[in-house]
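Coordinate analysis (summary)
Here is how the chains run, residue by residue.
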Amino acid sequence: MVEIQEVLKEAEQVGVLSGAGLSAESGIPTFRGKDGLWNRFNPTELATFEAFQEDPKLVWKWYIWRMHLIANSKPNPAHYAITEMEKLFPRFLHITQNVDGLHREAGGKKFVELHGHIFDGKCRFCGKHYTAEEFSELFPIASKTFLKSITEETLKGEVFRKIDEGELPFCRNCGEIVGPGVVWFGESLPEEAIEKAFNFAEGCDVLLVVGTSGVVQPAASIPLIAKRKNAVLVEINPQETPLSPYCDFVFRESASSALPKLIGLLKR
Ligand code: BV8
Ligand code: ZN
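Residues numbered from 1 in each chain as written. Chains lettered and ligands numbered in written order. Predicted model: local features only at pLDDT ≥ 70, side-chain atom pairs only at ≥ 80, totals over all residues. Heavy atoms only, no water.

Topic: the overall build of the chain
Secondary structure summary: the chain contains 14 helices and 9 strands in total. The C-alpha atoms of the chain give a radius of gyration of 19 Å, which matches the 18 Å a tight globule of 268 residues would have. Taken along its principal axes, the extent of the C-alpha atoms in the chain is 65 × 35 × 30 Å. Within the chain, buried positions represent 54% of all 268 residues. Residue pairs in contact within the chain that sit at least 24 positions apart in sequence constitute 68% of those at least 6 positions apart. (Helix = DSSP H or I, 4+ residues; strand = E, 2+ residues; numbered from the N terminus. Rg over C-alpha atoms; globule rule 2.2 N^0.38 Å. Buried < 20%, exposed > 50% of the residue type's maximum accessible area, 1.4 Å probe, protein only. Contact = heavy atoms within 4.5 Å.)

Here you go:
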């Protein structure tokens, strides 16, 4: 069998499709794992526009809790390895489902965020988008700097109390309550991101599928689109997934151990 080293050495266009497993070793819980978020919360009760309209305070407390966790996390070696890949291949793109932005903190430039960015704001009533900076002015308790400066008990005490008392982000445009800048279930993905991701996947010589359970659509179709155009698929995941049978190479290990190893092979 051709070694993965040769395949990568010849590759001109390389993509990475990543999911929550990429940030697991930064201390951010995944969605469907044993200690996953969805085990403690029900996604349809929280990550949908209906849930938000039903109980915006509950949904905002859940997101602020996650944003606090992310604000106090750092990229892990897997994020840095992906950033390094940007320079190792003539054409490279990191297609992520993650909303935590750790790939940005790791110096990544060539990425698309299929499911948005958790520190941005999105008004689902008038469509206005708020960048992370604009949103932190509108909703100071959602700013990274503030969240970095408080403990979990301040978060669950004072901050949650403020939200309960009605401190929420009201849209500058239409006055309605602004939600987090992520893609919820039932919402379509950002046109530009999905277009760029699908086009790039079709031209890939190699696509690395890192830390995703491959269940959420349409992201989970990206590896199959690449495969149909003869890409070599590489799965990096301690667990088996529905994508495993389509993969030419499988690393049944964590992203932060496999990715730096792959970089090492390339540099030899
Ligand atoms: C849409 C953002 C329609 C919010 C998220 C029935 C069948 C098929 C599809 C559907 C269906 N019913 C509904 C749908 C569509 C639905 C969907 O796919 N549902 C699934 C659950 C069945 N999809 C949608 O609704 C999408 N929109 O379809 O719109 C439409 C079309 C046109 C016009 C209008 C509307 C929107 C999907 C996006 C939802 N948003 N999150 C937030 O974060 O709060 S989903 C969420 O799941 C995250 O974005 C996450 O990235 C994504 C995927 O999960 P993973 O990243 O894979 O994470 P997971 O925990 O599952 O797996 C982690 C993996 O890592 C595991 O395999 C684990 O083994 C591994 N791992 C653990 N540790 C490590 C590791 N790997 C490496 N190293 C480690 N250390
Ligand atoms: Zn608005």
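Thoughts on the coordination of the zinc ion (ligand 2)
For the zinc ion (ligand 2), every protein donor is listed as Cys 123 (SG), Cys 126 (SG), Cys 171 (SG) and Cys 174 (SG), and the spread of their distances is 2.3 to 2.4 Å. What the 4 donor atoms of the zinc ion (ligand 2) show is an angle range of 102 to 118° at the metal, which sorts the shape as tetrahedral. Between consecutive donor residues of the zinc ion (ligand 2), the sequence gaps follow C-x2-C-x44-C-x2-C. With Cys 126 in the loop between β4 (116-122) and β5 (129-130) and Cys 174 in the loop between α11 (152-164) and β6 (179-182), the pair connects residues that are 48 residues apart, well separated along the chain. (Donors = N, O, S within 2.8 Å, 3.2 Å for Na, K, Ca; no water. Tetrahedral: all angles 85-135°; square planar, octahedral: opposite > 155°, others 65-115°.)

Quick notes on α11
The terminal C-alpha atoms of α11, which comprises 13 residues, lie 17 Å apart, in line with the 18 Å expected from a rise of 1.5 Å per residue. Those residues of α11 that sit buried are Leu 155, Val 159, Phe 160 and Ile 163. Turning to α11, the residues buried within the fold contact α6 (56-71) and α10 (144-149). Just downstream of α11, Gly 166 is the residue with a positive phi angle, here 105°. (Expected span 1.5 Å × (residues − 1).)

Some remarks on the sheet that holds β6
Strand order in the open sheet formed by 3 strands is β5-β4-β6, and the pairing between neighbours is antiparallel. The open sheet has two edge strands, β5 and β6, and neither has a second partner. Inspection of the sheet shows β4 paired to β5 by 2 bridges, in the antiparallel sense. Looking at the pairing, Lys 122 lines up with His 129 of β5. Against the sheet, α6 makes contact with β4 and β6, and its axis sits at roughly 135° relative to β4, the strand it touches most. (Pairing = 2+ DSSP bridges. Axes fitted to C-alpha atoms, helices over the stretch in contact; angles between N-to-C directions.)

Some details on the packing of α6 against α11
Contact geometry of α6 with α11 gives a least axis separation of 11 Å together with a crossing angle of 150°. It follows from the interaxial angle that α6 and α11 lie roughly antiparallel. Two packed elements cross with a definite hand, and for α6 against α11 that hand is right-handed. The residues of α11 that touch α6, namely those facing Lys 57, Lys 61, Ile 64, Trp 65 and His 68, are Glu 152, Leu 155, Lys 156, Val 159, Phe 160, Ile 163 and Asp 164. Grouping the amino acids of the contact of α6 with α11 by side-chain chemistry returns 6 nonpolar, 1 polar and 5 charged. (Parallel < 35°, antiparallel > 145°, perpendicular 65-115°, else oblique. Left-handed = near helix turned anticlockwise from the far one by under 90°. Nonpolar A, V, L, I, M, F, W, Y, C, P; charged D, E, K, R; others polar.)

Things to note about the pattern of salt bridges
Taken as a whole, this structure holds 11 salt bridges when the rule is applied. Its salt-bridge partner being Asp 164, residue Lys 61 comes within 2.8 Å of it at the nearest N-O pair. Taken together, the residues span a long stretch of sequence, with Lys 61 in helix α6 and Asp 164 in helix α11 at a distance of 103 residues. Overall, the relative accessible area of 38% leaves Asp 164 in the partly exposed class. (Salt bridge = Lys/Arg side-chain N within 4 Å of Asp/Glu carboxyl O.)

Structural notes on the packing of aromatic side chains
Under the definition given, this model contains 8 aromatic pairs. Each ring, one from Trp 60 and one from Phe 135, has its centre 5.6 Å from the other, and the planes form 25°; the classification is stacked. Of the two residues, Trp 60 is situated in helix α6 and Phe 135 in helix α9 (residues 132-138); the sequence distance between them amounts to 75 residues. With a relative accessible area of 0%, Trp 60 lands in the buried category. What makes Phe 135 buried here is its relative accessible area of 0%. (Phe/Tyr/Trp six-rings, centres within 6.5 Å; stacked < 30°, edge-to-face > 60°.)

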